[in-house]
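Examination of the molecular architecture
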Amino acid sequence: MDTTNLADLYSLPELDWATVQSTLDANIPQAPDTGGPNRHTYWLSTINPDGSSHLTALGALWLDGAFWFTTGARTRKGRNLARDPRCAISISLHDFDLTVNGTAALVTDPAAVAEIAARYAADGWPAKPDETGQALTAEYSAPSAGPPPWHIYRITATTAMALGTVEPGGATRWHF
């Protein structure tokens, strides 16, 4: 991993990737009144067919050093990722704002699908593997997710950038 201190100009220290990871490992809640001005929101950017960006809020998980999320195959983000897996995901936390650029891969392994379903269920969304074991279903989802089944994607990071929001501040980019 290569690290670049983007705040050298101001003599600010590099941010530590291990600190970022440990914050993410603590399982960031997304329920109302749990962070941000009212809650933490993940934002996913994908690439539209004309090359413009598509940005949408979504529920995501951090597990095993990667971001995971779900979407229906017919949603804009699902169609965009099927055509071009490049994407970015971001979140604002107390100590830093984080953006991760990478590629999203469809996950169909039944064991991984079951693990992600269990994590979502533990966080309050009653997701479970569908009859194929390769996607999720539930009584409800976000209206923007489209109808079930919902496919799981895992983002493999190529770069990340964090901006420190508490003293001493700082800004750092990592290339993986």
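Residues numbered from 1 in each chain as written. Predicted model: local features only at pLDDT ≥ 70, side-chain atom pairs only at ≥ 80, totals over all residues. Heavy atoms only, no water.

In the nomenclature of an unreviewed UniProt entry, the chain is known as Pyridoxamine 5'-phosphate oxidase family protein of Nocardia colli.

Some points on the environment of A60
Residue placement: A60 occurs in strand β4 (residues 60–63). Between the alpha carbons of A60 and T70 there is a distance of 7.5 Å; along the sequence they are 10 residues apart. Not counting the four nearest positions on each side in its chain, A60 is found in contact with Q30, Y42, W68, F69, I89 and Y120. (Helix = DSSP H or I, 4+ residues; strand = E, 2+ residues; numbered from the N terminus. Contact = heavy atoms within 4.5 Å.)

Section: a nonpolar patch on the surface
Judged by side-chain polarity, L6, M161 and L163 come together as a nonpolar surface patch covering roughly 220 Å² of accessible area. The topology assignment puts L6 in the loop between β1 (2–5) and α1 (17–25). (Patch = residues over 30% accessible without salt bridge, like charges linked within 9 Å, V, L, I, M, F, W, Y side chains within 5 Å. Areas by Shrake-Rupley, 256 points an atom, 1.4 Å probe, with all protein chains shown as cover. Salt bridge = Lys/Arg side-chain N within 4 Å of Asp/Glu carboxyl O.)

Side note on α1
Residues that lie three or four places apart on an α-helix share one face, since the helix turns once every 3.6 residues. The set of residues buried in α1 consists of W17, V20 and L24. End-on, the buried residues of α1 take up no more than an arc of 60 degrees, which puts them together on one face. On its buried face, α1 is in contact with β4, β5 (66–72), β7 (96–107), β10 (150–164) and β11 (171–175). Phi turns positive one or two residues past the end of α1, at N27, with a value near 65 degrees. (Buried < 20%, exposed > 50% of the residue type's maximum accessible area, 1.4 Å probe, protein only. Arc of directions from axis to C-beta.)

Describing the environment of W68
Turning to its location among the elements, W68 is positioned in strand β5. Taking the relative accessible area as the measure of exposure, W68 reaches 8% and is therefore buried. Residues W68 and I155 lie 87 residues apart in sequence; the distance between their C-alpha atoms is 6.4 Å. In contact with W68, other than residues within four places in its own chain, are G59, A60, L61, L63, V107, I116, Y120, I152, Y153 and R154. In terms of polar contacts, W68 uses its side chain to reach the backbone carbonyl oxygen of L63, at 2.9 Å. (Polar contact = N/O pair within 3.5 Å; in protein donor to acceptor, adjacent residues only side chain to side chain.)

Regarding the nonpolar core
In terms of nonpolar packing, the biggest core is built from 43 residues, with F67, F69, L98 and L136 touching the most fellow members. Of all the secondary structure elements, the ones that give two or more residues to this core are α1, β2 (42–47), β4, β5, β6 (86–92), β7, α3 (110–122) and β10. Take this core: its biggest share by element is six residues, from β10. In contact with L98, other than residues within four places in its own chain, are W17, V20, L24, F67, I89, S90, I91, A160, M161 and A162. (Core = buried A, V, L, I, M, F, W, Y, C linked by side-chain atoms within 4.5 Å.)

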